[in-house]
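What the coordinates show
Below are the chains, spelled out letter by letter.
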Amino acid sequence: EVQLVESGGGSVQAGGSLRLSCAASGFTLDDYTIGWFRQAPGKGREGVSCHSGYDGSTNYADSVKGRFTISRDNAKNTVHLQMNNLKPEDTGVYFCAASPLPPRYSCNYYIRAGMDYWGKGALVTVSS
């Protein structure tokens, strides 16, 4: 069974940092495109970051570019999202997601369309 479990959420003051982790089981994460999405209170789901399983390319939403970094730890079958210089508008539920290869869609596609498998989410609260 494909399963994704997020951890590392919590509360932090603006300017602080958090590191989200997503543990994958039931599949080898290296064979998948992975991503992070978030949903702010009262708003729709937003694509935050994507790491291609095909060519290793990455995408970031303009709102987080330069502050967030997506990475893989293939030995632990885990994906991370390092979030620095957090802002109150970063508050929301963060979801880890993954899609298998093929098809070899770009990260741009997945950020727009979503992915096949999803974690249950981790709450991140950034106070001013």
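For the structure itself, consult the block above.
Basis of the calculations
Within any chain, residue numbers begin from 1 and follow the written order of that chain's sequence. Owing to the predicted nature of the model, reporting of local features is limited to residues with pLDDT of at least 70; listing and counting of side-chain atom pairs is limited to 80 or more, with chain, interface and lining totals taken over all residues. As a convention, hydrogens and water are excluded, and side-chain values are obtained from all of the structure's heavy atoms. Whenever Lys or Arg places a side-chain nitrogen within 4 Å of a carboxyl oxygen from Asp or Glu, that contact is recorded as a salt bridge. By definition, any uninterrupted DSSP run of H or I lasting at least four residues is a helix, any uninterrupted run of E lasting at least two residues is a strand, and each is numbered from the N terminus. Working definition: with a 1.4 Å probe on protein chains only, accessible area under 20% of the residue-type maximum means buried, over 50% means exposed, and in between means partly exposed. In short, DSSP must find at least two bridges between two strands for them to pair. A fitted line through C-alpha atoms serves as each axis, taken over the contacting stretch for helices, and the angle formed by two N-to-C directions is quoted from 0 to 180°. Pairing of aromatic rings covers Phe, Tyr and the six-membered ring of Trp, with a centre-to-centre limit of 6.5 Å; geometry is then stacked below 30 degrees between planes, edge-to-face above 60, and tilted otherwise. Consider the ring centre and the ring normal. A charge sits over the ring if Lys NZ or Arg CZ is within 6 Å of that centre and within 35 degrees of that normal. For this analysis, a polar contact is any N or O atom pair within 3.5 Å, provided that within protein one partner can donate a hydrogen and the other can accept it, and provided that sequence-adjacent residues contribute only side-chain to side-chain pairs. Between two residues, a contact is recorded if the distance between any of their heavy atoms is within 4.5 Å.

1. Side note on the pattern of salt bridges
- Scanning the entire structure with this criterion turns up 4 salt bridges.
- Ionic pairing is found between Arg 38 and Asp 90, a salt bridge with its closest N-O pair at 2.9 Å. Highlighted residues: Arg 38 in strand β4 (residues 32-39) and Asp 90 in the loop between β8 (78-83) and β9 (92-100), separated in sequence by 52 residues.
- Taking relative accessible area as the criterion, Arg 38 reaches 6% and is therefore assigned buried.
- When the shortest N-O distance is used, the salt bridge between Lys 65 and Asp 62 registers 3.4 Å.

2. Observations regarding the sheet that holds strand β7 (residues 68-73)
- The antiparallel open sheet is built from 4 strands, whose spatial order is β1-β3-β8-β7. With one partner strand each, in any of the chains shown, β1 (3-7) and β7 form the two edges of the open sheet. Neighbouring strand axes in the sheet, compared pairwise and without regard to direction, differ in orientation by 20° on average.
- Of the pairings in the sheet, the one linking β7 to β8 comprises 6 bridges and is antiparallel in character.

3. Focus: the packing of aromatic side chains
- Within the structure shown, the criterion is met by 6 aromatic pairs.
- Ring plane angle 55° and centroid distance 6.4 Å describe the contact between Tyr 32 and Tyr 117, whose orientation is recorded as tilted. Taken together, the positions of Tyr 32 in strand β4 and Tyr 117 in strand β10 (residues 117-118) put the pair 85 residues apart, joining distant regions of the chain.
- Owing to a relative accessible area of 32%, Tyr 117 belongs among the partly exposed residues under this scheme.
- Taken together, the ring pairs connect Phe 27, Tyr 32 and Tyr 117 into an aromatic cluster.
- It is Arg 45 that lies over the ring of Phe 37; its NZ or CZ is 5.9 Å from the centre.
- Sitting over the ring of Trp 118, Arg 45 keeps its end group 3.8 Å from the ring centre.

4. Section: the side chain of Thr 78
- Among the structural elements, Thr 78 can be located in strand β8.
- Only 2.9 Å separates the side chain of Thr 78 from the backbone oxygen of Lys 76, close enough to count as a polar contact.
- Leaving out residues up to four positions away in the same chain, Thr 78 has contacts with Ser 21, Cys 22, Ala 23, Leu 29, Ser 71, Arg 72 and Asp 73.

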